[in-house]
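# Per-entry structural report
Okay, here's what each chain looks like letter by letter:
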Amino acid sequence: MEAMKSYASDGAITMKKPSQIKEIWRRFRKNKLAMAGLIVLSVMILAAVFAEQIGTYQSAIAMDVKNKLQNPSWQHIFGTDGYGRDLFIRCVHGGRVSLFIGFAASIAGMLCGGILGMISAYYGNKFDNAVMRTLDVFSAIPTILLALTLVAALGQGIVNIIVALVISRIPAFARIVRASTLGVVDQDYIEAARAGGTSDYHIMLKHIIPNIVGPLIVQTTMNVSSMILQTASLSFLGLGISAPRPEWGALISEAKEYIRIKPFMILFPGLCIILASASINLLGDGLRDALDPRLKS
Amino acid sequence: MGASQPLLETRNLKKYFNTAAGKLHAVDDISVRIMRRETLGVVGESGCGKSTLGRTILRLIEPTDGAILFKGEDITRLKAAGMREMRMRMQIIFQDPYSSINPRMSVSEIIAEYMLFHKMYRTRAEAWNRTAQLMNTVGLARRLANAYPHELDGGRRQRIGIARALSMNPEFIVCDEPVSALDVSIQAQILNLLLELQREFGLTYLFITHDLSVVKHISDEIMVMYLGQCVEQAPADELFANPRHPYTKALLSAIPVPDISMRDREIVTIRGEVKSPINPGIGCRFAGRCEYALDRCLQADVPLVGLSEKHLCACVRAGEV
C-alpha cells in the first residue's frame with residue numbers, strides 16, 4: 001500500500017495519487033468471488049450483445065416441428081423446445097431482453113428513487129413527509145399488481161415493462177437511500193461543509209453519495225435479479241414479452257408444460273437466471289467493499 | 001474602524017428550539033463582545049447551550065432573535081450569497097475528530113475542499129501547494145497527504161480539521177471543545193498549536209469547553225453559562241481570582257489542586273439537578289441549587305450587572321457572597 005502512495009520530498013504535494021478507479025480495481029481484484037461474478041456476467045452480457053452472431057433471431061423463432069423436444073446433444077446443446085427451436089439460441093436471445101430489462105429497470109429505479117430519497121432526507125421536515133407518504137401509497141399496492149396494471153394501461157413492450165418495474169421499485173429505493181442519508185446528514189462533516197460555505201449540491205455529491213453508495217450498490221445489484229424474475233413473472237402471466245420473442249421467464253413459462261417429460265427445458269433458462277443473479281450479487285458485494293477506502297488492505 | 005470595535009459581537013442572541021413539551025431555551029439572551037486577537041472562553045456543564053451558541057454565531061443554526069455583528073455588520077441579515085462570503089472569515093473546529101471529517105476523502109482532499117469549491121486559487125496546482133503549506137502549518141507530515149482519515153489517530157485528525165478551518169484564512173474561529181475528545185497528552189499539543197496559530201495569524205477564538213484548566217490556559221475573557229444564560233463574565237485572571245457568582249465559585253472549587261497543603265480546603269458542591277431548559281420561567285435558573293438563594297431570586301429575572309468595568313455577574317447577592 002505504501003508503494004502506491006506518492007511522496008514528495010519537498011514543495012507541493014504531488015496530487016498524482018493513484019487514480020480512484022485504479023485503486024478501486026486493485027481492491028476489487030483481490031476478491032475472488034467478485035471476480036468470478038464479473039467474468040460470468042461479462043460472458044453473459046457478451047453473449048447477449050453478440051446474440052445475432054451466435055444464432056440469428058430468425059433461427060430463434062423459426063419453428064422446426066420435426067425436431068421438437070430433442071434432448072441436449074452436440075447439435076442442440078440445450079436441446080429443442082416444443083416447436084423444435086434450439087433452446088440455446090433462445091436462451092441467448094432471451095438474455096438480451098432479460099438482462100437489458102433487469103439492468104435498465106434497476107438503474108433507473110435506483111436513480112429516481114435514490115435522488116428522491118436523498119433529497120427528502122436532506123431537506124427533511126414537511127418535504128420529507130410529503131414525499132415519503134406519497135411513496136407509502138405506492139408501496140401499499142403489491143408490486144406485481146402495480147406492474148400488471150401499468151402494463152395493462154400502457155400496453156405491452158419492453159419500454160413499458162421497464163417503466164412499470166421502475167415505478168414499482170421507486171419506494172423501496174427511496175426508503176433505503178433516505179435511511180442511509182439520515183445517518184450521514186447528522187455527521188459533523190456535513191456541518192463542516194456548510195460552515196465552509198459549500199452548496200447543498202456539493203454536499204450531496206461529495207459527502208452524502210460517497211457515504212451511502214455501499215448499501216445502494218448492494219440493493220441495486222440484488223434488484224437486477226429480482227427485476228429479471230419480475231419480468232419473468234409478467235411474461236408468465238402473459239403480460240410481459242409476447243411470443244414468439246424469447247425471454248428467460250417466458251422460456252420457463254413455455255417449458256412448464258413439458259416439465260414431466262423434458263425437465264431440462266425448464267432447467268436451462270432457470271440456470272441462466274440463477275447464474276446471472278448470483279454473479280450480479282457477487283459483483284455488487286465486491287464493488288461495495290472495493291469502494292470503501294476503510295476496507296483497503 | 002476604531003481599536004475599540006469588537007471583531008465579533010452578539011446582542012441579545014436567542015435560540016429557542018420548539019419541542020413537544022414547549023420552547024427549549026438553548027441560548028437565552030447572550031450578549032458578548034470579542035476583541036480582535038483575543039479569546040473568549042465559554043464554560044458550562046453539558047447541555048447548557050455552549051455548542052448551540054457557537055453554531056448560532058456561525059449561523060449553522062439560525063438564531064431565534066438577536067443580532068450577530070461581525071466587524072459591525074449584522075450577519076443575521078445576510079442572504080445566502082453574502083453568508084457564503086462571510087463563511088470564509090468565520091470558521092469552526094469541531095469536538096469529535098472522528099465524525100467531523102469525511103471518511104471517504106483523503107487528507108489533502110479534505111483540507112483543499114473549501115479552496116477548490118470557492119475557487120480561491122486559479123489553478124489546482126496552487127490549491128495543492130497551499131494544502132501542503134497548511135499541512136506544514138498544523139504539523140501534519142506531508143506523506144499523509146493521500147492517507148485516509150481512518151489511518152490516523154485523533155490528534156492528527158483534529159489537525160486536519162484545523163487545517164481545513166485555516167484554509168479559508170479566517171479571522172474568527174469557533175473552537176467547539178476541540179480537545180475534549182483527545183488523550184491528555186495530545187490535548188496539550190493541540191492547545192499549543194491553537195495558541196501558536198492565534199499569534200501567527202492574529203486569530204480570534206470563541207473557545208467552548210467544560211474543562212476549566214484548559215479555559216484558563218487559553219482565554220483572555222471567560223463567560224460562564226448556565227442553562228442558556230450568561231451568569232458571569234470577566235477577564236480570565238479576574239474570574240479565577242475573584243469569582244462572584246455562586247455557580248462559578250462551585251465550578252472553580254471543583255478543579256482538583258495537586259498540592260498536599262490544599263487537601264483540607266473546603267469544596268463547594270452543587271446539590272440537585274439542572275432545571276429543565278424547556279419553558280424555564282422567570283427568576284434565577286440556578287436558584288434551586290444555590291445555597292444563597294433568597295425569595296427575590298425567584299420573583300424576577302436576574303439581570304447581568306457590572307461589578308466593575310469588565311466583570312459582569314448575574315446574581316442578586318453578587319456583592320455580598
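Residues numbered from 1 in each chain as written. Chains lettered and ligands numbered in written order. Predicted model: local features only at pLDDT ≥ 70, side-chain atom pairs only at ≥ 80, totals over all residues. Heavy atoms only, no water.

What follows deals with the packing of helix H8 (residues 158-185) of chain A against helix H10 (residues 200-236) of chain A. All names here are of chain A. In contact at an axis separation of 10 Å, H8 and H10 are set at 155° when each is read in the N-to-C sense. As judged from the angle between their axes, H8 and H10 are roughly antiparallel. H8 and H10 meet at a crossing whose hand is right-handed. Classifying every residue of the contact of H8 with H10 by side-chain character gives 13 nonpolar, ten polar and one charged. (Axes fitted to C-alpha atoms, helices over the stretch in contact; angles between N-to-C directions. Helix = DSSP H or I, 4+ residues; strand = E, 2+ residues; numbered from the N terminus. Parallel < 35°, antiparallel > 145°, perpendicular 65-115°, else oblique. Left-handed = near helix turned anticlockwise from the far one by under 90°. Nonpolar A, V, L, I, M, F, W, Y, C, P; charged D, E, K, R; others polar.)

Residue and element names in this part refer to chain B. Of the two faces of strand E6 (residues 90-93), the one lined by Met90 and Ile92 and the one lined by Gln91 and Ile93 are each fully buried. One ladder, built from four bridges, connects E6 with strand E7 (residues 172-176); its direction is parallel. Within the sheet, the bridge partner assigned to Met90 lies in E7 and is Phe172. (Buried < 20%, exposed > 50% of the residue type's maximum accessible area, 1.4 Å probe, protein only. Pairing = 2+ DSSP bridges.)

On to the side chain of Arg59 of chain B. Residue and element names in this part refer to chain B. Along the chain, the position of Arg59 falls in the loop between helix H1 (50-57) and strand E4 (65-70). On the basis of relative accessibility, which here comes to 12%, the residue Arg59 falls in the buried class. Apart from residues lying up to four places away in sequence, Arg59 is in contact with Ile68, Ile75, Thr76, Leu78, Met83 and Arg87. (Contact = heavy atoms within 4.5 Å.)

Residues and elements named next belong to chain B. Taking strand neighbours across the sheet as the criterion, the four strands line up as E2-E1-E4-E5 in an open arrangement whose pairing is antiparallel. Strands with a single pairing partner mark the edges of an open sheet, and in this sheet they are strand E2 (22-34) and strand E5 (73-74). Pairing analysis gives two bridges linking E4 to E5, with the strands arranged antiparallel. Bridged to Leu69 within E5 is Asp74. Most of the contacts of H1 go to strand E1 (residues 8-19), to which it runs at about 115°, and overall it touches E1, E2 and E4.

That is the geometry; function is a separate question.
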